[in-house]
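As a plain string of letters, each chain reads:
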Amino acid sequence: MTQTDNYLTATTGADKTLHRVLKPRSVAFVGVSETSTFAHSVRRTMQGAAEVLFVHPKHDTLFGQPCVPSVADLGRPVDAVFSAVAAAHTVGIVEQAATIGAGGLVLVAGGFAEAGDTGAKLQQQITTIANDAGMHLVGPNGIGMINVPDQVDLTVLEEFGRRPGGLSAVTHSGAMIEAIAASACRPGGAGLNLLISAGNEAVTDLADYLDFLVDDEQTTVIALALEKIRRPDAFFAAAARAQEAGKPIVAIKMGRSARGQRMAASHTGSLVGDAWVYEVGLRQAGIELAHEIDELVDRVQFLEQLTPQRWTEVRGLAVLTATGGFAQLASDLAEDTGIDIPALEQLQPFIDENIPGKPLANPLDATGFVGSVPGLWESIVDRYAADPEVDALLYTSQHAGWDTYGRQPAEEFAERAQRWQGKPFLLAPLAGIGGQWLGDLRRDGVGVGNGLLGCLRGLQTMGRFVRSRNQGPRTVSPADLPVLRISDEEVLEVAEGRMLSFGATMRLLTDAGIPVARWAVFDGAVEPVPFAGPYVVKLADVAHRTEHNAVRVNVAEKDLQAVTTELREIARRDDLPTTVAVQEMVSGHGEIFIGLQGASELGPLTVFGLGGVFVEIMKKVGGRLAPFDRRVALELVGEVDDTGIMDGFRGAPAWDRERLAEILCAAGDLAARGRESIDSLDINPLIITADGPVAVDGLCLLQRPQ
């Protein structure tokens, strides 16, 4: 039996995994001739190890090999079928691929769901065929995929340079792949593994690709350029596996809109936008965000270039330069990016003794003097590398292609890395594009970055990932909590939608573990209230009471009947429910609000911010996908806490952050349990009292049954 026969036997059974498409051992090109604009992809693939087959109705041979008129005529399983034919002919290609047991197809044609009803019907047809056959589809309406190490080019992209490595990228915008590759090809940059254009995701989506890359041994770091996450639960489960496996993810979220100042809105439904929810959800999952391609590559470069044994939390960065101006700039940019550059006062006597002018130890302006004293530069590098307060070293100089002066100290710096294990040694030009010789210095323990800011971004991402991974998982599946059941008897139809009654809302909060002010509701005469006044009296089952002047505060017991009568006259005038709520009057030294969404685009969501006048003035708000644990809740409190208000405003006592975190966890659990019922729930305000936060109102709007 030949080697090919062995391969056919191995792939003929139930091997329908994504591995067959992304790392194929056999490829069939359909509709690509020698004069095609895609011919270069064929030639590059033929240089790799994959077996290449050809399908074209007008040719007997192509690229010096036999060609058959249809996919069915291949008469054998093929791992990947690359189709360059138009949308109208793609259905037949997919049908035939299913009959020969193909692993999947790479479809680059447009004209599917993005093109209206006719295209949507075509996409549904190929989706059904592929799912029934257990085949994967890359696309349609993309630019294909590239396996750089194996030289498999199933793409419509022009030829471009690439260095094999550990960065795998998945994008919804096909052009982003080419941009990532272009940015990665600078002297430092990142080596490339798999580049995948997801397109319309007719069958295989972002979660599938991410799940595959977690297990792919050649992938060390993952880049995403995404528009929409279609299956959030599967995506975040894969992201959690990536973190556990030690594979960082950096993402660009396309379609972001300005968050603006909508955070002051009173209703959670208008409080959050999809772009903000993505920002919250991705960060919570330990995924670093970038805003454009060069920044994305900056953030992944050291993670790809260095082995994980060299990754550190970047608690202490030593910056070595040869110019005072850039030493100052490094200090400023490090503060902006949250990178700690310790003073290293213990090294100051050594610097004072050896470098004229006695520059600060960190960042160090070594000046050109070090080049005039044999061995001094090496001694400086060793002293800094040996210091336990330093866990990363960065040397920046004008390493442009024409720069010969900076080459020797850069080479000597890189050589010292071999003496010091466990600490990254990083090189970069101060600005501009470094000479290719700089990229040649990449080796074990030595990374090459892109300018001062680019290096600091890369270190910031490295540090965040290592710290986040050390802390453990950051997301919990909503499915781990039972679904909330709400009785139809407690639901009212109002102008705003399906609303849970005030009484039912207060009971819901109480049962969830969220403290509420004592309350009572009355449909008829106000009977003796079971708690002392003064009181707040309001129309109970009205979504926006202030618009109807339907709230009275500081009401004495003797005035309850009169105030109730007045409010019910307003209710009859405005055609509102006449039920009245009476609550104890609660006073405190601050206000917060908590908003819940049961079903944002990414799942249950909890929003937290300052209430009262502070939400309008400070516009401080944060959020987390729910549910979450105490550690994440404290992080959320901390996002708002940086205003100093929680420390005690104008002599007021400090707020109990631990208690706030407990309430946020309870609210998160409620949001997760309400994933099938709650549209939005505003708990606004919670008043900060001497005994802790107390909710005095809640507005719960419900989803309509599917």
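Model, not experiment: these values are computed from the prediction.

Novice: Hey, could you go over the overall build of the chain for me, with residue numbers and the actual values?
Specialist: Along the chain, the regular secondary structure elements total 22 helices and 31 strands. Across its three principal axes, the chain shows a C-alpha extent of roughly 95 × 80 × 35 Å. Within the chain, the proportion of its 706 residues that are buried is 58%. Taking the contacts inside the chain whose residues are at least 6 apart along the sequence as the reference set, 71% of them involve residues at least 24 apart. Surface exposure of the chain reaches about 28,600 Å², of which carbon and sulfur atoms provide 49%. Separation between the mean location of the 60 positive side-chain charges and that of the 90 negative ones in the chain comes to 0 Å.

Novice: Can you tell me about the sheet that holds strand 22 (residues 519–522), naming the residues and giving the values?
Specialist: Overall, antiparallel pairing links the 4 strands, which are arranged 22-25-23-24 in an open sheet. The open sheet has two edge strands, strand 22 and strand 24 (551–555), and neither has a second partner. Neighbour-to-neighbour, the strand axes of this sheet turn through a mean angle of 20 degrees, independent of strand direction. Sheet topology places strand 23 (residues 535–539) next to strand 24; 3 bridges connect them, and they run antiparallel. Note on strand 24: the bridge partner recorded for Val537 is Arg552. Along the sheet, helix 18 (residues 502–512) makes contact with strand 22, strand 23 and strand 25 (580–584), crossing strand 22 at roughly 155 degrees. Across the sheet, helix 19 (residues 560–573) lies against strand 22, strand 23, strand 24 and strand 25, angled at about 20 degrees from strand 23, the strand it touches most.

Novice: Quick one: what's the story with helix 21 (residues 630–641), residue by residue and with numbers?
Specialist: With 12 residues, helix 21 ought to run about 16 Å at 1.5 Å a step, and its terminal C-alpha atoms sit 16 Å apart, in line with that. Listed in full, the buried residues belonging to helix 21 are Val632, Ala633, Leu636, Val637, Val640 and Asp641. Summarising the contacts, the buried residues of helix 21 are in contact with helix 10 (274–284), strand 27 (603–610), strand 28 (621–625) and helix 22 (657–673). Here helix 21 starts with a cap whose side-chain oxygen sits 3.3 Å from the backbone nitrogen of Arg631, and that cap is Asp629.

Novice: Describe the sheet that holds strand 5 (residues 80–83), and please don't skip the residues or the numbers.
Specialist: Backbone-to-backbone hydrogen bonds join strands into a sheet, with any given pair of strands oriented parallel or antiparallel. In spatial order, the strands read 2-1-5-6-7; together these 5 strands make up an open sheet with parallel pairing. Among the strands making up the open sheet, the edge pair consists of strand 2 (51–55) and strand 7 (136–138). The sheet shows a mean angle of 20 degrees between the axes of neighbouring strands, direction not considered. As defined by bridge partners, strand 1 (residues 26–30) adjoins strand 5 across 4 bridges and the pair is classed as parallel. Within the sheet, the bridge partner assigned to Ala28 lies in strand 5 and is Val81. The strands touched by helix 4 (residues 87–99) are strand 1, strand 5 and strand 6 (104–107); relative to strand 6, the strand with the most contacts, the crossing angle is about 160 degrees.

Novice: Tell me about the nonpolar core, residues and numbers included.
Specialist: By size, the foremost hydrophobic cluster in this structure holds 59 residues, and its most contacted members are Phe29, Leu154, Leu224 and Phe235. When residues of this core are assigned to their parent elements, the largest contribution, 7 residues, is made by helix 7 (residues 206–215).

Novice: So what's going on with the packing of helix 12 (residues 324–337) against helix 17 (residues 451–471)? Which residues, and what values?
Specialist: If you want to describe how two helices pack, look at the angle between their axes and the distance between the axes. At their nearest, the axes of helix 12 and helix 17 sit 10 Å apart, and the two run at 35 degrees to each other. For helix 12 against helix 17, the interelement crossing comes out right-handed. Facing Phe326, Leu329, Ala330, Leu333, Ala334 and Thr337 of helix 12, the residues of helix 17 in contact are Leu452, Leu453, Leu456 and Gln460. Class assignment of the residues belonging to the contact of helix 12 with helix 17 gives a composition of 8 nonpolar, 2 polar and no charged.

Novice: Talk me through the confidence of the model for the chain; I want residue IDs and the actual numbers.
Specialist: When pLDDT is averaged along the chain, the result is 90, and 92% of the positions lie at 70 or above. Here residues 1–16 scores under 50 on pLDDT; set against residues more than four positions off or in separate chains, the count is 17 contacts. Low pLDDT (under 50) marks residues 258–272, which in the prediction has 35 contacts with non-local residues, meaning those over four places away or in another chain.

Novice: Give me the lowdown on the pairing of strand 20 (residues 491–494), citing residues and values where you can.
Specialist: Pairing of strand 20 with strand 21 (residues 497–500) involves 4 bridges; the strand directions are antiparallel. Along strand 21, the bridge assignment pairs Leu492 with Met499. Between the end of strand 20 and the start of strand 21, which pair antiparallel, lie 2 residues.

Novice: Go over helix 22, please, and point to the residues and values.
Specialist: Taking 1.5 Å per residue, 17 residues should reach 24 Å; helix 22 reaches 24 Å between its end C-alpha atoms and fits that length. Turning to helix 22, its buried residues number three or more, namely Leu660, Ala661, Ile663, Leu664, Cys665, Ala666, Ala667, Gly668, Leu670, Ala671 and Ala672. Among the residues of helix 22, the N-terminal cap falls to Asp656, whose side-chain oxygen and the backbone nitrogen of Glu658 are separated by 3.2 Å.

Novice: Lay out the packing of aromatic side chains with the relevant residues and their values.
Specialist: By the definition in use, this model includes 10 aromatic pairs. Here Tyr395 and Phe413 contribute two aromatic rings whose centre-to-centre distance is 5.7 Å and whose plane-to-plane angle is 40 degrees, an arrangement assigned as tilted. Here the residue Tyr395 occupies a position in strand 17 (residues 392–397), and Phe413 occupies one in helix 15 (residues 407–416), the gap between them amounting to 18 residues. Taken as a pair, Tyr395 and Phe413 share a single burial class, namely buried. For Lys253, the ring lying beneath its charged end belongs to Tyr278, and the centroid distance is 4.7 Å.

Rules used in this analysis
- Residues numbered from 1 in each chain as written.
- Predicted model: local features only at pLDDT ≥ 70, side-chain atom pairs only at ≥ 80, totals over all residues.
- Heavy atoms only, no water.
- Helix = DSSP H or I, 4+ residues; strand = E, 2+ residues; numbered from the N terminus.
- Buried < 20%, exposed > 50% of the residue type's maximum accessible area, 1.4 Å probe, protein only.
- Contact = heavy atoms within 4.5 Å.
- Areas by Shrake-Rupley, 256 points an atom, 1.4 Å probe, with all protein chains shown as cover.
- Lys, Arg positive; Asp, Glu negative; His and termini not counted.
- Charge placed at Lys NZ, Arg CZ, Asp CG, Glu CD.
- Pairing = 2+ DSSP bridges.
- Axes fitted to C-alpha atoms, helices over the stretch in contact; angles between N-to-C directions.
- Expected span 1.5 Å × (residues − 1).
- Polar contact = N/O pair within 3.5 Å; in protein donor to acceptor, adjacent residues only side chain to side chain.
- Core = buried A, V, L, I, M, F, W, Y, C linked by side-chain atoms within 4.5 Å.
- Left-handed = near helix turned anticlockwise from the far one by under 90°.
- Nonpolar A, V, L, I, M, F, W, Y, C, P; charged D, E, K, R; others polar.
- pLDDT = per-residue confidence, 0-100.
- Phe/Tyr/Trp six-rings, centres within 6.5 Å; stacked < 30°, edge-to-face > 60°.
- Lys NZ or Arg CZ within 6 Å of the ring centre and 35° of its normal.

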